[in-house]
Amino acid sequence: SRTIEILDGINYSFLDNSQRQDFLFFRSFSYLRVGKTSASLSGFTELLSFKNTRYFTAATYYSGYIHYIQGSFKTAISFFDKVRNDIAYSSLCSYYILESKFMLKDYDYVIRHGERVSGIVDNSMKPQVARIISEAYFENGDSENAKEWFERYSRSGNNGLSRKDHYYSDIISY
């Protein structure tokens, strides 16, 4: 991307402390946008080494997100936990923590916190939350609650059920 070309042409050593933080944030975010997650994470990590950076919350969230997409769920959770009470990131952090806990097979956590998360996430994320909760109940042997949450998922208008969805529906109905 053109933004990365421009940022990579800047001589970092000539920047003052504040400008370095701006540079690191914008370059790291640009790397993330084009899928260069390792370079992005490296920049966010360096940014977080600054004392009292104004980018602390955003850099922490994006570091967690990168760990999440890389499948490092425990590490992702540790980052999301640090900023989950920030109004700008609260619902996203809660969602990614819930899904990470599901991926780590902590179904009890998903069941305990799923309804709350479902209540705070954006409408576009509600179907996936319902599906995660349904599967957590199923994994814990509670097919009745699994059915209830799957019905919420299927009523969400998520462009129809896939073959996998129909298969899962048949299993929990059995």
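Heads up: the structure comes first, above all this text.
Residues numbered from 1 in each chain as written. Predicted model: local features only at pLDDT ≥ 70, side-chain atom pairs only at ≥ 80, totals over all residues. Heavy atoms only, no water.

A short note on the environment of Arg-84
Within the secondary structure layout, Arg-84 lies in the loop between helix H5 (73-83) and helix H6 (90-103). In sequence terms Arg-84 and Tyr-61 are 23 residues apart; their C-alpha atoms lie 8.6 Å from each other. With sequence-adjacent residues up to four places away left out, Arg-84 is seen in contact with Ser-90, Cys-93, Ser-94, Ile-97, Tyr-109 and Arg-116. (Helix = DSSP H or I, 4+ residues; strand = E, 2+ residues; numbered from the N terminus. Contact = heavy atoms within 4.5 Å.)

Some details on the pattern of salt bridges
Tallying each qualifying case throughout the model produces eight salt bridges. Residues Asp-81 and Arg-84 are paired through a salt bridge, measuring 2.8 Å at the closest nitrogen-oxygen approach. Arg-152 is the salt-bridge partner of Glu-115, the closest N and O atoms lying 3.7 Å from each other. Taken as a pair, Glu-115 in helix H7 (residues 107-120) and Arg-152 in helix H9 (residues 143-154) lie far apart in primary sequence, 37 residues in all. (Salt bridge = Lys/Arg side-chain N within 4 Å of Asp/Glu carboxyl O.)

Observations concerning the nonpolar core
Judged by nonpolar contacts, the single largest core of 45 residues is most densely connected at Leu-47, Tyr-61, Tyr-62 and Phe-80. Taken together, the elements giving at least two residues each to this core come down to helix H2 (17-33), helix H3 (37-48), helix H4 (56-69), H5, H6, H7, helix H8 (126-139) and H9. When residues no more than four places from it in sequence are discounted, the contact partners of Tyr-62 are Phe-25, Phe-29, Leu-32, Phe-44 and Tyr-89. (Core = buried A, V, L, I, M, F, W, Y, C linked by side-chain atoms within 4.5 Å. Buried < 20%, exposed > 50% of the residue type's maximum accessible area, 1.4 Å probe, protein only.)

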